[in-house]
Amino acid sequence: MTSNGLALGPKLRYLAQRARRIDIGAVIERAKEVRQEHGKPVPTVLADMLWQAARKDVAFQDYVDFDFAILTPEERATFMTHPVSAQLAQQYSQPAGRKIFEDKIAFNERFSEFLNRAWLVVTDDNADEVREFVEQQGTVIAKVPVSHMGLGVRRYHAKDVADWGVFHRGLIDAGEILLEEVISQHADLSAVCPGTVNTTRITAFYDGKDVHILAVAQKFGRGEVSDQMSYGGFYTMLDPDSGHAMSAGYDSHANVHENHPDTGFRIADFQLPGFDEAVSLIDRAARVVPEVQYAGWDVVATEKGPVLVEGNWGAGVYENKPSVSGIRTGHKPRYRAAIGF
């Protein structure tokens, strides 16, 4: 067993894959970021980053994002990292279940009872149905069924379509064959960012009997179609027992947001509306595909209750940023208690 209590075989394979992909230039740039933020010498940071990666399953970006340069070894050990999460995802999911989570159409079909929104699959012969759907909705979200990091998502307005035949063919050519009704989010979310549907990432583990909530992150957009960082978004951690923001917002590009840049809302004051209902939804959804026990679920609070957006069998990691939150411990103890690694 490794220091994280995970199987040695998967860990070695993961480390080998990482070694093949390492970009030492990029690592040095990250070390320079740490020097700029915390005043640590680049050679010292670089050596520490490489040691943490090889021995403690800490990704280089985790080291930067979670301020490892200012933490003690004991504090560092409480933080979840992407390598550990990736190993858990491999260990606690089966290929058949992963396929459902990876394909947004398959996911919508399996989890339809939790979506609470209309959706349509674009095919070669349903141009009229597409027009009717888009005109009825006014605005729709178009998705590439298999994509990552919020990419392959666009927003279309019926009023902007001049030729419906061309529009239909364009969707197919672009692979944007899943159309969805725009979610009408809760007023408390719109008060922070009205132009983006702001999702809550709830990471959970299903042990075959109970569903354990491991971490909760609230993502906020900047008016774009997605709240992902690739669209300028950021996040803050929520208390996993109450749903209240634990700090200001931040991202992986050294941006800190005490207030939302577009509305001025103070991020640390945010309380997720209907938090208990969101947890209840995940408690039910996490049991639908038991082949995937460990997942990151995206939900949106609405005036009628939470709705499910998607699930990610590769859950990723959202954590506290000590220099922003003042909280120098992470969520790994919750993961260990629930999963037992």
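Higher on the page you've got the structure.
Participant: In this structure, what is going on with the overall build of the chain? I would like to understand it.
Facilitator: For the chain, the helix and strand inventory stands at 14 helices and 11 strands. For the chain, the C-alpha radius of gyration of 21 Å lies close to 20 Å, the compact-globule estimate for 341 residues. By principal-axis analysis of the C-alpha atoms, the chain measures approximately 60 × 45 × 40 Å. Counting all 341 residues of the chain, 51% fall into the buried class. Accessible area for the chain stands at about 15300 Å²; split by element, carbon and sulfur atoms hold 51% of it. Once the 36 positive and 46 negative side-chain charges of the chain are each reduced to a mean point, those two points are 8 Å apart.

Participant: Is there a simple way to explain helix α2 (residues 24-38) in this structure?
Facilitator: An α-helical turn contains 3.6 residues, so any two residues separated by three or four positions project in the same direction. The first and last C-alpha atoms of α2 sit 21 Å apart over 15 residues, in line with the 21 Å expected at 1.5 Å per residue. Of the positions making up α2, those classed as buried are Val 27, Ala 31 and Val 34. Buried residues of α2, seen end-on, are gathered within an arc of 55° and therefore sit on one face of the element. Next to the buried residues of α2 lie α3 (42-56) and α4 (60-65). For α2, the N-terminal cap is Asp 23; the gap from its side-chain oxygen to the backbone nitrogen of Gly 25 is 3.1 Å. Directly beyond the C-terminal end of α2, a positive phi value near 75° is found at Gly 39.

Participant: How do you make sense of the pairing of strand β6 (residues 211-220) when you look at a structure like this?
Facilitator: Note on strand geometry: in a regular strand, side chains alternate between the two faces of the sheet. Judged by how many residues are buried, β6 sits mostly within the fold: 9 of 10 residues are covered. Of the pairings in the sheet, the one linking strand β5 (residues 200-206) to β6 comprises 7 bridges and is antiparallel in character. From the neighbouring strand, Phe 205 faces β6, where its bridge partner is His 212. Hairpin connection from β5 to β6: 4 residues lie between these consecutive antiparallel strands, with Gly 208 at a positive phi of about 100°.

Participant: How do you make sense of the nonpolar core when you look at a structure like this?
Facilitator: Soluble globular proteins tend to bury their nonpolar side chains together. Counting residues in hydrophobic clusters, the biggest one holds 78 residues, and the most contacted among them are Phe 101, Phe 111, Tyr 294, Trp 297, Leu 308 and Ile 339. For this core, the element with the most residues is β6, which contributes 7 residues. Ignoring anything within four residues of it in the chain, the contact list for Leu 308 reads Phe 107, Phe 111, Phe 114, Leu 115, Arg 117, Leu 281, Ile 282, Ala 285, Trp 297, Asp 298 and Val 299. By size, the runner-up hydrophobic cluster in this structure holds 15 residues, among which are Phe 133, Tyr 156, Val 161 and Leu 171.

Participant: How should the pattern of salt bridges be read in this particular structure?
Facilitator: Close approach of charged atoms lets side chains of opposite charge pair. Tallying each qualifying case throughout the model produces 18 salt bridges. Between Arg 131 and Glu 135 there is a salt bridge, with its nearest N and O atoms 3.2 Å apart. Here the residue Arg 131 and the residue Glu 135 both occupy positions in helix α9 (residues 127-137), the gap between them amounting to 4 residues, near one helical turn. Using a relative accessible area of 38% as the deciding quantity, one classes Arg 131 as partly exposed. Of the residues examined, Glu 135 reaches a relative accessible area of 43% and is grouped as partly exposed.

Participant: In this structure, what is going on with the sheet that holds strand β1 (residues 119-121)? I would like to understand it.
Facilitator: Backbone-to-backbone hydrogen bonds join strands into a sheet, with any given pair of strands oriented parallel or antiparallel. As summarised here, the arrangement of the 4 strands in space is β1-β4-β2-β3, forming an open sheet in which the pairing is antiparallel. Looking along the sheet, the strands with just one partner apiece sit at the ends: β1 and β3 (153-157). Strand-to-strand twist of the sheet, defined as the mean angle between neighbouring strand axes without regard to direction, takes the value 25°. Of the pairings in the sheet, the one linking β1 to strand β4 (residues 178-181) comprises 3 bridges and is antiparallel in character. If you follow Val 121 over to β4, its bridge partner there is Leu 178. On the sheet, α9 packs against β1, β2 (139-143) and β4 and is oriented at approximately 25° with respect to β4.

Participant: Which parts of the structure should I look at to understand a nonpolar patch on the surface?
Facilitator: Residues Ile 22, Ile 24 and Leu 50 make up a contiguous nonpolar surface patch of about 240 Å² in total accessible area. Of note, Ile 22 is situated in the loop between α1 (8-21) and α2.

Participant: Can you help me understand the pairing of strand β10 (residues 294-302) in this one?
Facilitator: Within β10, 9 of the 9 residues are buried, which leaves it mostly tucked inside the rest of the structure. The pairing of β5 with β10 spans 6 bridges and is antiparallel. Considered in β10, the bridge of Ala 204 is made with Ala 295. Bridge analysis of β10 against strand β11 (residues 305-312) gives 7 bridges, and the strand direction is antiparallel. Looking at β11, one finds that Val 300 is bridged to Val 307.

Participant: What should I look at first to understand unusual backbone geometry in this one?
Facilitator: The phi torsion of most residues other than glycine is negative, and most of the peptide bonds are trans. Even without a glycine there, the phi angle at Asn 116 is positive, about 55°. On the secondary structure map, Asn 116 appears in the loop between α8 (104-110) and β1. With phi around 65°, Ala 254 is a residue other than glycine that occupies positive phi space. Note on placement: Ala 254 falls in the loop between β8 (249-250) and β9 (256-257).

Rules behind the numbers
Residues numbered from 1 in each chain as written. Predicted model: local features only at pLDDT ≥ 70, side-chain atom pairs only at ≥ 80, totals over all residues. Heavy atoms only, no water. Helix = DSSP H or I, 4+ residues; strand = E, 2+ residues; numbered from the N terminus. Rg over C-alpha atoms; globule rule 2.2 N^0.38 Å. Buried < 20%, exposed > 50% of the residue type's maximum accessible area, 1.4 Å probe, protein only. Areas by Shrake-Rupley, 256 points an atom, 1.4 Å probe, with all protein chains shown as cover. Lys, Arg positive; Asp, Glu negative; His and termini not counted. Charge placed at Lys NZ, Arg CZ, Asp CG, Glu CD. Expected span 1.5 Å × (residues − 1). Arc of directions from axis to C-beta. Contact = heavy atoms within 4.5 Å. Polar contact = N/O pair within 3.5 Å; in protein donor to acceptor, adjacent residues only side chain to side chain. Pairing = 2+ DSSP bridges. Core = buried A, V, L, I, M, F, W, Y, C linked by side-chain atoms within 4.5 Å. Salt bridge = Lys/Arg side-chain N within 4 Å of Asp/Glu carboxyl O. Axes fitted to C-alpha atoms, helices over the stretch in contact; angles between N-to-C directions. Patch = residues over 30% accessible without salt bridge, like charges linked within 9 Å, V, L, I, M, F, W, Y side chains within 5 Å.

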